[in-house]
Amino acid sequence: MGASWRVGLALGMAAIGMALAKWLHIPGGAIIGAMILTAIARLLNAPLDEPPSWLRTVARIVLGLTIGATVTTETIQSVARALLPV
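Residues numbered from 1 in each chain as written. Predicted model: local features only at pLDDT ≥ 70, side-chain atom pairs only at ≥ 80, totals over all residues. Heavy atoms only, no water.

Caption draft 1: Broad picture of the environment of Arg 6. The residue Arg 6 is located in helix H1 (residues 4–23) in this model. Considered as a pair, Arg 6 and Ile 67 are 61 residues apart in the sequence and their alpha carbons are 29 Å apart. At 3.2 Å, the side chain of Arg 6 and the side chain of Asp 49 are in polar contact. (Helix = DSSP H or I, 4+ residues; strand = E, 2+ residues; numbered from the N terminus. Polar contact = N/O pair within 3.5 Å; in protein donor to acceptor, adjacent residues only side chain to side chain.)

Shown next as structure tokens:
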């Protein structure tokens, strides 16, 4: 069976966390919910494994694509205005 079931368990926990956070209308629910529930499971010693490197790479590509595809001139102007206060 190997470690693949532990990766599957981690993905399942992330999916449940995402769904729960979206249902609760938590801002950034997909990422926040997946992260929180997976972290809680890990801290409770659930037998989770990190995803393989190819899956992490795919996730980063999808995240970058999602962020990049939503950039507008207004987004850039907002970031530029926020730089000085930061």
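Caption draft 2: Representation of unusual backbone geometry within the structure. If you check the backbone angles, His 25 has positive phi at about 60° while not being a glycine. Mapped onto the secondary structure, His 25 falls in the loop between H1 and helix H2 (29–43). What makes His 25 exposed here is its relative accessible area of 69%. The phi torsion at Asn 45 lies on the positive side, around 65°, for a residue other than glycine. On the basis of relative accessible area, Asn 45 is assigned to the exposed category, the value being 68%. (Buried < 20%, exposed > 50% of the residue type's maximum accessible area, 1.4 Å probe, protein only.)

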